[in-house]
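The chain contents come next:
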Amino acid sequence: GNSVTQMEGPVTLSEEAFLTINCTYTATGYPSLFWYVQYPGEGLQLLLKATKADDKGSNKGFEATYRKETTSFHLEKGSVQVSDSAVYFCALSLMNTGFQKLVFGTGTRLLVSP
Amino acid sequence: NAGVTQTPKFQVLKTGQSMTLQCAQDMNHEYMSWYRQDPGMGLRLIHYSVGAGITDQGEVPNGYNVSRSTTEDFPLRLLSAAPSQTSVYFCASSFGSHTDTQYFGPGTRLTVL
């Protein structure tokens, strides 16, 4: 079946540290890959996406590369800020009998301290 | 442009009560869906709709009903609330292709006593 596995949290970092959140997927066909972010008390919002192999998605200093050979889409940021504290969800999207099926990982909480 | 709106933000129910969670979008999206978010489980799809008059079940549909009479609105009905339905509920919408971004509402936190 289709599934997304991401690293358990919480991930605790100091401000300006380097961030990596690992995400791997299993899918039939050719999915699009997404990272969504959920700030405290809010809904999910798109952080970045990549729709085909070797594409790199980037936004707000975050980036992730769609690696088909390793079925991965790891999220990275060179220097995190306190305001990046949130829960990050990796997700894949496939067309399934005519509709967009979005499959989420369990989420990784990031805590950044000053 | 309000995006995806949900009401109410918070709700407490007693076991056996029914209620409707409202969802509306103003982006002319054909595809709308309902998810529930539980600790350690990510988001799970409850029901979805690919257009007005067309709905189908997701992975956890039991205890929930939906209908889609307009493009804009997609309410979720709890028929007889159970404590297992205590969760945060999110509505989402998109144009529906697998490359499209899904836009999420702010969520409804439901507690069933």
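Data block above holds the structure.
Residues numbered from 1 in each chain as written. Chains lettered and ligands numbered in written order. Predicted model: local features only at pLDDT ≥ 70, side-chain atom pairs only at ≥ 80, totals over all residues. Heavy atoms only, no water.

**Q** Honestly, the overall build of chain A in this entry has me stumped. Any pointers?
**A** Scanning chain A for helices and strands turns up 0 helices and 12 strands. Put simply, chain A runs from its N terminus to its C terminus through helices and strands in the order β-β-β-β-β-β-β-β-β-β-β-β. In terms of overall size, chain A behaves like a compact globule, its C-alpha atoms giving a radius of gyration of 14 Å where 114 residues would be expected to give roughly 13 Å. For chain A, the C-alpha atoms occupy an extent of roughly 45 × 30 × 20 Å along the three principal directions. Relative to its full complement of 114 residues, chain A shows a buried share of 46%. Counting only contacts in chain A whose residues sit at least 6 apart along the sequence, the fraction spanning at least 24 positions is 55%. Accessible area for chain A stands at about 5,300 Å²; split by element, carbon and sulfur atoms hold 49% of it. Taking the average location of the 9 positive side-chain charges in chain A and that of its 10 negative ones, the two points are 8 Å from each other. (Helix = DSSP H or I, 4+ residues; strand = E, 2+ residues; numbered from the N terminus. Rg over C-alpha atoms; globule rule 2.2 N^0.38 Å. Buried < 20%, exposed > 50% of the residue type's maximum accessible area, 1.4 Å probe, protein only. Contact = heavy atoms within 4.5 Å. Areas by Shrake-Rupley, 256 points an atom, 1.4 Å probe, with all protein chains shown as cover. Lys, Arg positive; Asp, Glu negative; His and termini not counted. Charge placed at Lys NZ, Arg CZ, Asp CG, Glu CD.)

**Q** How do you make sense of the sheet that holds strand S7 (residues 56-59) of chain A when you look at a structure like this?
**A** The strands making up a sheet are joined through hydrogen bonds of the backbone, oriented either antiparallel or parallel. Residue and element names in this part refer to chain A. Reading across the sheet, the 4 strands line up as S3-S9-S8-S7 and stay open at both edges, with antiparallel pairing between neighbours. The two strands at the open ends of the sheet, each matched to only one other strand, are strand S3 (19-21) and S7. Between one strand and the next, the sheet's axes are offset by a mean angle of 15°, whatever the strand orientation. Looking at chain direction, S7 and strand S8 (residues 62-65) are connected through 4 bridges and run antiparallel. (Pairing = 2+ DSSP bridges. Axes fitted to C-alpha atoms, helices over the stretch in contact; angles between N-to-C directions.)

**Q** Hey, could you run me through the environment of Lys14 of chain B in this one?
**A** Residue and element names in this part refer to chain B. Within the fold, Lys14 resides in the loop between strand S2 (10-13) and strand S3 (19-25). In sequence terms Lys14 and Leu43 are 29 residues apart; their C-alpha atoms lie 24 Å from each other. Contacts of Lys14, omitting those with residues within four sequence positions, involve Ala81, Val112 and Leu113.

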